[in-house]
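Residue strings, one per chain:
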Amino acid sequence: MGKNHRHQKQLKSEKAKVKLKTKGSQSLPKGLNITDASFKTKKIIIREQLKQQDETQILSRRKLNIKDLLTRLQHYNSSIRQDAIRELKEIISRNSVDVLNIQLNILFKGITILVLDKEKAIRRESLKALSFILASISKDQLLPFCDILISYLTCAMTHIDQNIMEDSLLFLDILLQYCSVPLANNSHKILLYFLDMISKLRSQAQPGRQLTTNLNTKSTCMKWRIKVLNSLEKFLSAIVYHQKYLSINSSVCPSKIYYIKDEDVCCPIYSPISLQICSMDFKRDEFQNSNDKSLNTYTLQRYIDSLMPLMFDSWLEASPKSSNSTNVQLFISAEAAYLLKCITSIIQSIIEYIKLLENENGTSVLSIWFRDNFQSAFIKIFLHEFPYIQQKYNSRTKRSGDEFASQSLVHCLEQNLTLCYIYIWFTTISNNTVIRSNKKNAKIDFCNEIMQFLTDKLENWSNNEAFAVGSMVKVLNILFLQASAIWYRNKIYLGKVLKSSIDTYLNKTKKDLQKHLFAILKNIVMDHTLRHLHEEEVFKEFIKTLPALLLKDTIHESTICMLNKVVLQYRQWLQKELEENYDAIIENAKKIQILESGNESDSRLMICNLFYFMHGQVYY
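Quantities reported herein were computed from a predicted structural model and do not represent experimental measurements.

The rules behind each value
- Residues numbered from 1 in each chain as written.
- Predicted model: local features only at pLDDT ≥ 70, side-chain atom pairs only at ≥ 80, totals over all residues.
- Heavy atoms only, no water.
- Helix = DSSP H or I, 4+ residues; strand = E, 2+ residues; numbered from the N terminus.
- Buried < 20%, exposed > 50% of the residue type's maximum accessible area, 1.4 Å probe, protein only.
- Contact = heavy atoms within 4.5 Å.
- Areas by Shrake-Rupley, 256 points an atom, 1.4 Å probe, with all protein chains shown as cover.
- Core = buried A, V, L, I, M, F, W, Y, C linked by side-chain atoms within 4.5 Å.
- Axes fitted to C-alpha atoms, helices over the stretch in contact; angles between N-to-C directions.
- Parallel < 35°, antiparallel > 145°, perpendicular 65-115°, else oblique.
- Left-handed = near helix turned anticlockwise from the far one by under 90°.
- Nonpolar A, V, L, I, M, F, W, Y, C, P; charged D, E, K, R; others polar.
- Patch = residues over 30% accessible without salt bridge, like charges linked within 9 Å, V, L, I, M, F, W, Y side chains within 5 Å.
- Salt bridge = Lys/Arg side-chain N within 4 Å of Asp/Glu carboxyl O.
- Lys, Arg positive; Asp, Glu negative; His and termini not counted.
- Charge placed at Lys NZ, Arg CZ, Asp CG, Glu CD.
- pLDDT = per-residue confidence, 0-100.
- Expected span 1.5 Å × (residues − 1).
- Phe/Tyr/Trp six-rings, centres within 6.5 Å; stacked < 30°, edge-to-face > 60°.
- Arc of directions from axis to C-beta.
- Polar contact = N/O pair within 3.5 Å; in protein donor to acceptor, adjacent residues only side chain to side chain.

Visitor: What's the story with the overall build of the protein chain in this structure? I'm lost.
Guide: From N to C terminus, the protein chain includes 27 helices and 7 strands. Sorting the 620 residues of the protein chain into buried and exposed places 41% on the buried side. Within the protein chain, counting contacts between residues at least 6 apart in sequence, those at least 24 apart form 70% of the total. By element, 52% of the accessible surface of the protein chain is carried by carbon and sulfur atoms, the whole surface being about 37,900 Å².

Visitor: Would you mind going over the nonpolar core with me for this structure?
Guide: Nonpolar side chains tend toward joint burial in soluble globular proteins. Judged by nonpolar contacts, the single largest core of 171 residues is most densely connected at Phe194, Trp315, Phe370 and Phe378. The element contributing the most residues to this core is helix 13 (residues 334-361), with 14 residues. If sequence neighbours within four positions are ignored, Phe378 has contacts with Phe312, Ile347, Leu383, Leu419, Ile422, Tyr423 and Phe426.

Visitor: Is there a simple way to explain the packing of helix 22 (residues 537-544) against helix 24 (residues 571-580) in this structure?
Guide: When two helices pack together, you describe them by how their axes are tilted relative to each other and by the distance separating the axes. Between helix 22 and helix 24, the least distance of the axes is 8 Å, while the angle of their chain directions is 30 degrees. With respect to each other, helix 22 and helix 24 are oriented roughly parallel. In the packing of helix 22 onto helix 24, the handedness of the crossing is right-handed. Of the residues in helix 24, those touching helix 22 at Phe539, Lys540, Ile543 and Lys544 are Trp573, Leu574 and Glu577. Looking at the contact of helix 22 with helix 24 residue by residue, the classes come out as 4 nonpolar, no polar and 3 charged.

Visitor: In this structure, what is going on with a positive patch on the surface? I would like to understand it.
Guide: A surface patch of like charges, here positive, comprises Arg6, Lys9, Lys12 and Lys15. Mapped onto the secondary structure, Arg6 falls in helix 1 (residues 6-16).

Visitor: Would you mind going over unusual backbone geometry with me for this structure?
Guide: Across residues other than glycine, the phi torsion is negative in most instances, and most of the peptide bonds are trans. Residue Pro387 is reached from Phe386 by a cis peptide bond, and omega for that bond is -5 degrees. Following the sequence through the fold, Pro387 ends up in the loop between helix 14 (365-382) and strand 4 (389-393). Residues other than glycine seldom take positive phi values, yet Glu596 does so here, at roughly 55 degrees.

Visitor: Explain the confidence of the model for the protein chain to me, please; I cannot follow it from the model alone.
Guide: If pLDDT is low for a region, its predicted coordinates should not be looked at in detail. For the protein chain, the average pLDDT comes to 79, and 76% of its residues sit at 70 or higher. No element of the protein chain has a lower mean pLDDT than helix 15 (residues 395-398), which averages 47, and none a higher one than helix 16 (residues 413-427), which averages 93. Here residues 252-260 is modelled with pLDDT under 50, and outside its nearest four sequence neighbours on either side it reaches 4 contacts, counting other chains as well. Below pLDDT 50 for its whole length, residues 438-444 participates in 11 contacts with residues either more than four positions away or in separate chains.

Visitor: What is the right way to look at helix 18 (residues 469-489) in this model?
Guide: Taking 1.5 Å per residue, 21 residues should reach 30 Å; helix 18 reaches 29 Å between its end C-alpha atoms and fits that length. Of the residues trailing helix 18, Lys491 is marked for its positive phi of about 60 degrees.

Visitor: Before we go on, may I ask you to explain the packing of aromatic side chains in this structure?
Guide: Geometrically, a pair of aromatic rings is defined through the distance of the ring centres and the angle of the planes. Applying the stated criterion to the full structure yields 21 aromatic pairs. Arranged with centres 5.9 Å apart and planes meeting at 15 degrees, the rings of Phe370 and Phe426 form a pair that is stacked. With Phe370 in helix 14 and Phe426 in helix 16, this pair connects stretches of sequence that are 56 residues apart. Of the two residues, Phe370 and Phe426, both sit in the buried class. Plain terms: the ring middles of Trp425 and Phe426 are 5.5 Å apart, the flat faces sit at 55 degrees to each other, and that makes the pair tilted. Each member of the aromatic cluster is reached from another via a ring pair, and the members are Phe312, Trp315, Trp369, Phe370, Phe374, Phe378, Phe382, Tyr388, Trp425 and Phe426.

Visitor: How should I be thinking about helix 22 in this particular structure?
Guide: For an α-helix, 3.6 residues make a turn, and residues three or four places apart therefore share a direction. Along helix 22, the residues that are buried comprise Val538, Phe539, Phe542 and Ile543. Here the buried residues of helix 22 occupy an arc of 150 degrees about the axis, which is enough to place them on one side. Packed against the buried residues of helix 22 are helix 19 (495-506), helix 20 (511-526), helix 21 (531-534), helix 23 (557-569) and helix 24.

Visitor: So what exactly am I meant to see when it comes to the environment of Thr71 here?
Guide: Residue position: Thr71 is located in helix 2 (residues 66-72). A relative accessible area of 52% means that Thr71 is categorised as exposed. Placed 13 residues apart in sequence, Thr71 and Ala84 show a C-alpha to C-alpha distance of 8.8 Å. Here Lys67 takes part through its backbone oxygen, which lies 2.9 Å from a polar atom of the side chain of Thr71.

Visitor: Hey, could you run me through the packing of helix 19 against helix 20 in this one?
Guide: One can describe the packing of helix 19 onto helix 20 by two numbers: an axis separation of 9 Å at closest approach and a directional angle of 130 degrees. Relative to helix 20, helix 19 is oriented oblique. Crossing hand, helix 19 versus helix 20: left-handed. Between helix 19, through Leu498, Ser501, Ile502, Thr504 and Tyr505, and helix 20, the contact on the second element is made entirely by Leu513, Gln514, Leu517, Phe518, Leu521 and Ile524. Here the residues of the contact of helix 19 with helix 20 sort into 8 nonpolar, 3 polar and no charged.

Visitor: How do you make sense of the side chain of Ser314 when you look at a structure like this?
Guide: Here Ser314 is to be found in helix 12 (residues 297-318). Given a relative accessible area of 4%, Ser314 falls into the buried group.

Visitor: Is there a simple way to explain the pattern of salt bridges in this structure?
Guide: A side chain with one charge can pair with a side chain of the opposite charge if their charged atoms come near. Taken as a whole and assessed by the stated rule, the structure comprises 17 salt bridges. For Lys227, the salt bridge is made with Glu166, and the minimal N-O distance between the two is 2.4 Å. With Lys227 in helix 11 (residues 221-252) and Glu166 in helix 8 (residues 162-178), the pair connects residues that are 61 residues apart, well separated along the chain. For Lys590, the salt bridge goes to Glu587, with nearest N and O atoms at 3.7 Å.

Visitor: Got a minute to help me understand the side chain of Gln514 in this structure?
Guide: Positionally, Gln514 belongs in helix 20. Polar side-chain contacts of Gln514 include one of 2.8 Å to the backbone oxygen of Tyr505. Beyond its immediate chain neighbours, meaning those up to four positions away, Gln514 contacts Tyr505, Asn507 and Lys508.

Visitor: What is the right way to look at the environment of Asp305 in this model?
Guide: Mapped onto the elements of the fold, Asp305 is located in helix 12. Along the primary structure Asp305 and Phe370 are separated by 65 residues, whereas in three dimensions their C-alpha atoms are 8.8 Å apart.

Quick look at the structure:
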């Protein structure tokens, strides 16, 4: 058997260990036998939910008051800021009256700054909270804070962060809904920011602007331009609405300034308006000096000169490429259709604002400048493929592989009607006595194309197209009441469009358009300068249908006045109808309901006295 060396190994390992030698009588070093009491203490923090709160305070679901939540809005942690704005929004939605009457100032200061927050969720929550506040307060309460809101809006629209700039359009939509008047007063500043969103300045050698294409966002350039132009269209509509409001108020009580150089001369002043004592409310916006803030003629002209080429270039990028064949109809995509809607609506708003300014100034210089600079480009770029049709794809049928089954056509009705309005307006400008065609061969007359389009739409009008009633009414108004004289002078006859309008009015199934067409036809009857329309045979047939209005249950006061004028001017046209319904009209005049009548008895006598030229009898 071999020897076991385990014992020897253990001895060697023991000898290798370090031996600690201690002195038997030595004590511990000084300081090691003392207890160190230099320790730190920490406060016991009671959470906010466990604190005792005043019963009169309004608390959130986590027992936080408004002051605590406003403090948390400035916290460095985005989650805490987001939770705070959500709880603050809940408090405002539940207790809007109690909260806003006392703490409106600090709420605006604390919430509005979050519009510039780097987190998207916080920005959206702050916009919702602002919407709750603006919807719950009056205009008088909002007026002192409008400058603050507009300042943050301009900061957001010019922010270096593309996401904040994009959300500024949502902020603008909220402000347009609740404080459109202050925005309209500051329009000369805000309008420029729309241009900066989609374009940049060229070099000094080449003045003007060019579209930007290098956007660091997930959306395409076209989608971004659509968002910007859509917001611009809403903003321009608000400006036009505000200007109409000011024009109406100024026309009710116009002010005139008379300058007399010689003080010794007494000059009697005659005015058709009777003088009266008026109470003045200094809190109203109309009495504020807004001359520096208004969008005057010069500012508008410079802005239009920059905006129009950008919109033309945007449409050239989105429009379909024309082919060599002349009979091929090109279709546009959904994005292109929406872009066309934004561009045409913007041009229409510009035209309406130009007309308002020129009515005040009594000149047509701006409209002539606009026509001379942009009419040719408008016709070349937009009317070359008129009318436009949108091609829509169905995702379900597209998967089956049948391309023809997956396509459906959507007529761009509003876009086409607005294009008609713009072109007709170009022909109504004072010194434009000759209607020009800018196509190369001049074979296709745009006026005939527009009349054919309007005739087809009126004859095939559907109740599903009620959304476009306003656009159709605007086109017919400007065509019949403003452009008809110039069109007849150029041997362009409007008989077909007038006949389609009358037939559509007589068609009782098209109720959404019927009352608007009657208002247009009534204006044609009352305007004696529209002699070319009065000479149309279809106009004579319309006059013969007017006595039937006296047999209905209700009639408007203005309709009675129109009938009196018709009897005086066109008695031979409707004499037969009046004689056949004489007894029924006289009997119905006793019980018919007259709308907006100052004196019903006089209005009923007007109906009866329509027969004075027939038998010479006067009713008292």
